[in-house]
Amino acid sequence: TAVFTAASLNWYATGMELNPTLWLISSLRRWGLSKEARMNCKLIYADMFDASQTTTHKSLREANCVMIFGVAPLMPQIAELIQSNCQPRSFVMAYRFRVPLMNLNECRRDKVGKEDVAGRIVSVASGEESTVEGVQSTGINGRLIYEEEEMRIYELTDGNKSHL
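Calculation notes
Residues numbered from 1 in each chain as written. Predicted model: local features only at pLDDT ≥ 70, side-chain atom pairs only at ≥ 80, totals over all residues. Heavy atoms only, no water. Helix = DSSP H or I, 4+ residues; strand = E, 2+ residues; numbered from the N terminus. Contact = heavy atoms within 4.5 Å. Core = buried A, V, L, I, M, F, W, Y, C linked by side-chain atoms within 4.5 Å. Buried < 20%, exposed > 50% of the residue type's maximum accessible area, 1.4 Å probe, protein only. Patch = residues over 30% accessible without salt bridge, like charges linked within 9 Å, V, L, I, M, F, W, Y side chains within 5 Å. Areas by Shrake-Rupley, 256 points an atom, 1.4 Å probe, with all protein chains shown as cover. Salt bridge = Lys/Arg side-chain N within 4 Å of Asp/Glu carboxyl O. Pairing = 2+ DSSP bridges. Axes fitted to C-alpha atoms, helices over the stretch in contact; angles between N-to-C directions. Polar contact = N/O pair within 3.5 Å; in protein donor to acceptor, adjacent residues only side chain to side chain.

Peer 1: How should I be thinking about the environment of lysine 42 in this particular structure?
Peer 2: Assignment of secondary structure puts lysine 42 in strand β2 (residues 41-45). The sequence separation of lysine 42 and threonine 14 amounts to 28 residues, and the corresponding C-alpha distance is 4.9 Å. Aside from chain neighbours lying at most four places away, what touches lysine 42 is Val3, Ala13, Thr14 and Gly15.

Peer 1: Just checking my understanding: could you explain the nonpolar core for this structure?
Peer 2: Soluble, globular proteins show a tendency: their nonpolar side chains are buried together. Counting 18 residues, the largest nonpolar core has Ile68, Ile82, Val92, Val99, Ile140 and Tyr154 as the members making the most contacts within it. Elements with a contribution of two residues or more to this core: β3 (65-68), α5 (75-85), β4 (91-95) and β9 (151-156). Sorting elements by how many residues they give to this core places α5 first, with five residues. Apart from the residues within four sequence positions on either side, isoleucine 140 is in contact with Ala79, Ile82, Gln83, Val99, Pro100, Leu101, Met102, Tyr154 and Leu156.

Peer 1: Sorry if this is basic, but what is going on with a nonpolar patch on the surface here?
Peer 2: On the surface, Phe91, Ile145 and Tyr146 cluster together into a nonpolar patch covering about 250 Å² of accessible area. Within the secondary structure, phenylalanine 91 is located in strand β4. Owing to a relative accessible area of 32%, phenylalanine 91 belongs among the partly exposed residues under this scheme.

Peer 1: I'm lost on the sheet that holds β3 in this one. Help?
Peer 2: Hydrogen bonding along the main chain pairs the strands of a sheet, whether they run parallel or antiparallel. Pairing within the open sheet is mixed, and its four strands lie in the order β3-β4-β9-β8. Each edge of the open sheet is held by one strand with a lone partner, namely β3 and β8 (142-148). In this sheet, adjacent strand axes meet at a mean angle of 20° when their direction is disregarded.

Peer 1: Please clarify how the pairing of β9 should be interpreted in this entry.
Peer 2: In regular strands, side chains alternate between the two faces of the sheet. The buried fraction of β9 is high, at six of six residues. By the alternation rule, side chains of β9 split into Met151, Ile153 and Glu155 and Arg152, Tyr154 and Leu156, which are all buried. Alignment of β4 against β9, held across five bridges, turns out to be antiparallel. Of the residues in β9, the one forming a bridge with phenylalanine 91 is glutamate 155. Here β8 runs beside β9; their pairing, made up of six bridges, is antiparallel. Its bridge partner being in β9, glycine 142 is matched across the sheet by leucine 156. Following β8, the chain reverses through two residues before pairing antiparallel with β9; glutamate 149 in that reversal takes a positive phi of roughly 50°.

Peer 1: Explanation requested: the side chain of arginine 152 in the structure shown.
Peer 2: Mapped onto the elements, arginine 152 comes out in strand β9. A polar contact of 3.2 Å, which involves the side chain of arginine 152, links it to the backbone oxygen of arginine 96. For arginine 152, the side chain forms a polar contact with the main-chain oxygen of glutamate 150, separated by 3.4 Å. In this structure, arginine 152 is in contact with Val92, Met93, Ala94, Arg96, Phe97, Arg98, Leu144, Tyr146 and Glu147, ignoring residues within four places of it in sequence.

Peer 1: Looking at this structure, I do not really get the pattern of salt bridges. What am I missing?
Peer 2: Counted under the stated rule, the structure contains six salt bridges. Two residues, arginine 98 and glutamate 147, come together in a salt bridge whose shortest N-O distance is 2.5 Å. Taken together, the residues arginine 98 in the loop between β4 and β5 (114-115) and glutamate 147 in strand β8 connect sequence positions 49 residues apart. Overall, the relative accessible area of 14% leaves arginine 98 in the buried class. A salt bridge links glutamate 147 to arginine 152; its shortest N-O distance comes to 3.2 Å.

Below, the structure written as structure tokens:
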């Protein structure tokens, strides 16, 4: 739906799907779009983590905005893929699960004793932090700019790696 909405707004949008059934359903739904929207979007059946998928990495390098529908265990791996391929000042929209951030100060939660995405426990009352053992502190070099319900938008900062 995000790819179709972007294409309908005259953006060029590419969707990647690993699940063949979901890819087929989305491909069929694409035909319900206007001709212009269909020309603006493409759906790729691919594994975004497969290094041989040059289309995936090229699409990420050229994107101004990336929408993620991932699952919690894959978010660190997705963050690494974004960090190594997307350009600074690109936007990352994530539904439901948080994208790990390198800058830990940007990803704190307001709740006392809650765990942030880097696995740190933040106590707002005392300002003390402690690291949860065994959690990686890798992520994207960016900042959280929007958070409403289960939708989050991050902006990648200039410290992002570029392969162009």
